[in-house]
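Descriptive analysis of the structure
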Amino acid sequence: MERTKPKGHWFGYLGLAMAFAVPALALRFAGYDPGPLPSVLIFGGAVCAAAFLLVWAAEAAEKDISSSLAVALLALIAVMPEYAVDLYFAWAAGGNPTYTQYAAANMTGSNRLLLGFGWPVAALVYFFYSRRAGHPVSAIHLEGKARIELAFLGLASVWCFIIPLMRRITVWDAAVLLGIFAAYIWRVTREPQHEPELVGTAALLGALPTRMRRAVVTSLFVLAAIFILVSAEPFAESLIEAGKILHIDEFLLVQWLAPLASEAPEFIVAIILAARLRGGHAIGILLSSKVNQWTLLIGSLPLAYVAGGGPASGLELDARQVEEVFLTASQTVLGFAVLAHLHFGFGEALALLVLFLVQFALPGTEGRVVLSWVYLALAVVLLWRHRRSLPAIVDAVVRPGKRIGRIRYH
């Protein structure tokens, strides 16, 4: 594949991201509160800008670390802004139990948005551009490494059904899910290294001389971390206040607007890769991000809750939050089943997107529970159809010495 040559105008995007982030920094240091609605835009813009900086820096860092580890770290770093907002809600819930609903809303929204919107949109973009290029295909094909993510995603999904059954997220959940995440990181570091294929701003950063590249990448990481730390609390609080002013359910606002802002860069990176006919890479990054969110994010919530003064028994969930977690877990199982045979077809992408959109038309808890069982029923059918692919997914983890191959970027 011909490498994309970096173009000078991509440096302008670094300046644009900084222009969105700096006002939030200035407001916090000045101690000025512009009000809930302006704060949503200013601090939300800073969170989004910081996410772009992190994605660019993480991609460029692939030049200096193992490529397999870089994919996992890219997926992790890309969702750090999302973690910061959700962990703030969990920490605040330790002293004010009403914040528990916001922690649950943000966690379930980010997970469902990633799988129900991010995966299918990236795939549909890939199908569109492959048709426009004159060689239409019916599926994105993944090989090798994708089985690692699927194995850990499946393992975490089985455990996460315990959460709605117990009606709380406990420190035991944290221990198990963080252990799964640690095992996942250990496993991906054992994959062979290959030369990264960078695009856009990341390509420009990657083309810099080694010392300069490392200095710039490190600086971007530090700046992005500062912007996130400065913006997470006021963005989270302003979302709640804005919902009250606009008479919008704060739960829904926190569930969808916050993840959309923090995950926008990740979606854009995946869409760019898909448009460049690198659909396997696009889905691979989003799959890795799903593993991170379904393990590290959920596992971190009870720890933040306890750190904020909450009891060690963990975050107690009400009926609405239990239903949201059950729906998210059911969707995740279907996502696993869809990719179990390492093919992501047009029909499957469209089905995931339609099911994701249907939830907004379902009134009350009863409709969401029905949708959850629809997800599970479809998952059972697909798992039976793809049952011959399941042993290879298990082998990807229990037999790490066995060569499983790279993702095929189609």
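All chains use their own residue numbering, which begins from 1 and follows the written sequence. Two thresholds apply to this predicted model, a pLDDT of at least 70 for residue-level local features and 80 or more for giving and counting side-chain atom pairs, whereas whole-chain, interface and lining totals are computed over all residues. Only hydrogens and water are set aside when side-chain values are computed; all heavy atoms of the structure are taken into account.

1. Regarding the overall build of the chain
A run of H or I in DSSP counts as a helix once it spans at least four residues, and a run of E counts as a strand once it spans at least two, with each numbered from the N terminus. Tallying secondary structure elements over the chain gives 16 helices and four strands in all. The burial tally for the chain puts 56% of its 410 residues in the buried class. Contacts are residue-level and defined by heavy atoms, with any inter-residue pair within 4.5 Å sufficient. Contacts spanning at least 24 positions in sequence make up 84% of the contacts within the chain whose residues lie at least 6 apart. As displayed, the chain has an accessible area near 16,700 Å², and 68% of this comes from carbon and sulfur atoms. Working definition: with a 1.4 Å probe on protein chains only, accessible area under 20% of the residue-type maximum means buried, over 50% means exposed, and in between means partly exposed. Areas reported as accessible are Shrake-Rupley estimates using a 1.4 Å probe. Residue values count occlusion only from the protein chains shown.

2. Re the packing of aromatic side chains
The geometry of two aromatic rings is summed up by the distance between their centres and the angle between their planes. Note on aromatic pairs: the rings of Phe, Tyr and Trp (six-membered ring only in Trp) are paired at centre separations within 6.5 Å, and the planes decide the class, stacked below 30 degrees, edge-to-face beyond 60, tilted for the rest. Tallied over the full model, the rule gives 18 aromatic pairs. Seen from their ring centres, Y99 and Y102 are 5.7 Å apart, and the 80 degrees between their planes marks the pair as edge-to-face. Ring plane angle 85 degrees and centroid distance 5.6 Å describe the contact between W256 and F356, whose orientation is recorded as edge-to-face. Of this pair, W256 sits in helix 11 (residues 250-275) while F356 sits in helix 14 (residues 346-358), and the two are 100 residues apart along the sequence. Residue class for F356 comes out buried when judged on its relative accessible area of 3%. Ring pairing ties together the aromatic residues Y88, F89, W91, Y99 and Y102, which thus form one cluster. Two thresholds decide whether a charge sits over a ring: the Lys NZ or Arg CZ must be within 6 Å of the ring centre and within 35 degrees of the ring normal. Its end group placed over the ring of W384, R387 keeps NZ or CZ at 4.0 Å from the ring centre.

3. Some words on the confidence of the model for the chain
Within a predicted model, pLDDT stands for the predictor's per-residue confidence, ranging from 0 to 100. When pLDDT is averaged along the chain, the result is 84, and 88% of the positions lie at 70 or above. Within the chain, the element-level pLDDT minimum falls on helix 3 (residues 67-78), averaging 59, and the maximum on helix 14, averaging 95. When the criterion is pLDDT under 50, residues 1-7 qualifies, and its contacts beyond four places in sequence or with other chains add up to 12 contacts. Considering only residues more than four positions removed or in separate chains, one finds that residues 403-410, a stretch of pLDDT under 50, has 35 contacts.

4. With respect to a nonpolar patch on the surface
Think of a patch as exposed residues, more than 30% relative accessible area, with no salt bridge, where like charges cluster within 9 Å and nonpolar side chains (Val, Leu, Ile, Met, Phe, Trp, Tyr) cluster within 5 Å. The working definition used for a salt bridge is a side-chain nitrogen of Lys or Arg within 4 Å of a carboxyl oxygen of Asp or Glu. A cluster of nonpolar side chains, namely L37, I245, L246 and I248, defines an oily patch on the protein surface of about 320 Å² accessible area. Within the fold, L37 resides in helix 2 (residues 36-60).

5. Re the packing of helix 5 (residues 100-132) against helix 13 (residues 319-339)
What counts as an axis is a line fitted to C-alpha atoms, over the stretch in contact for a helix, and the angles between N-to-C directions run from 0 to 180 degrees. At a minimum axis distance of 10 Å, the contact between helix 5 and helix 13 shows a crossing angle of 25 degrees. For the element pair helix 5 / helix 13, the angle class is roughly parallel. Read as a crossing pair, helix 5 and helix 13 show a hand that is left-handed. Of the residues in helix 13, those in contact with T100, Q101, A104, M107, T108, N111, R112, L115, G116 and W119 of helix 5 are Q321, E324, V325, L327, T328, Q331, T332, G335 and L339. What sets the label is the angle itself: under 35 degrees gives roughly parallel, over 145 gives roughly antiparallel, 65 to 115 gives roughly perpendicular, and the rest give oblique. By definition, turning the near helix anticlockwise from the far helix through less than a right angle yields a left-handed crossing, and turning it clockwise yields a right-handed one.

6. Re unusual backbone geometry
Residues other than glycine seldom take positive phi values, yet L277 does so here, at roughly 65 degrees. When its relative accessible area of 21% is taken as the criterion, L277 is described as partly exposed. Although it is not a glycine, L342 sits at a positive phi angle of roughly 65 degrees. Following the sequence through the fold, L342 ends up in the loop between helix 13 and strand 4 (343-345).

7. Details of the nonpolar core
Ranked by size, the top nonpolar core spans 105 residues in total, and within it F89, W119, F235 and F344 carry the most contacts. Ranked by residues supplied to this core, first place goes to helix 5 with 15 residues. Here F235 is in contact with V40, F43, G44, V47, V85, A258 and A261, once residues within four sequence places are set aside. In plain words, nonpolar cores are sets of buried Ala, Val, Leu, Ile, Met, Phe, Trp, Tyr and Cys residues tied together by side-chain atoms within 4.5 Å. Grouped together as the second largest cluster of nonpolar side chains are 18 residues, A49, L205, A224 and F227 included.

8. Quick word on the environment of Q321
By the element assignment, Q321 lies in helix 13. Along the sequence, Q321 and Y102 sit 219 residues apart, while their C-alpha atoms lie 9.4 Å from each other. Discounting residues that sit within four places of it in the chain, Q321 has contacts with T100, Q101, A104, F251 and E316.

9. Brief notes about helix 14
Taking 1.5 Å of rise per residue, 13 residues should cover 18 Å, and helix 14 covers 18 Å from first to last C-alpha, within 8% of that figure. Turning to helix 14, its buried residues are E348, A349, L352, L353, L355 and F356. Buried residues along helix 14 cover an arc of 165 degrees about the axis, so they all sit on one side. Taken together, the buried residues of helix 14 touch helix 5, helix 11, helix 13, strand 4 and helix 15 (364-385). Expected span, for any helix, means 1.5 Å times one less than how many residues it has. By construction, the arc corresponds to the directions joining the helix axis to the C-beta atoms.

10. Digging into the side chain of S157
Take S157: it is sitting in helix 6 (residues 146-160). If sequence neighbours within four positions are ignored, S157 has contacts with W294, T332 and V333.

11. A short note on helix 2
For helix 2, which comprises 25 residues, the first-to-last C-alpha distance of 36 Å matches the rise-based estimate of 36 Å (1.5 Å per residue) to within 8%. Counting buried positions along helix 2 gives 19 out of 25 residues, so the element sits mostly inside the fold.

12. Points about the packing of helix 5 against helix 11
Look at helix 5 against helix 11: their axes get within 8 Å of each other, and the N-to-C directions meet at 30 degrees. Taken together, helix 5 and helix 11 sit at an angle that is classed as roughly parallel. Crossing angle aside, the handedness with which helix 5 passes helix 11 is right-handed. Polar here means any residue outside two lists: the nonpolar Ala, Val, Leu, Ile, Met, Phe, Trp, Tyr, Cys and Pro, and the charged Asp, Glu, Lys and Arg; Gly therefore counts as polar. Here the contact of helix 5 with helix 11 is built from residues that sort into 21 nonpolar, seven polar and four charged.

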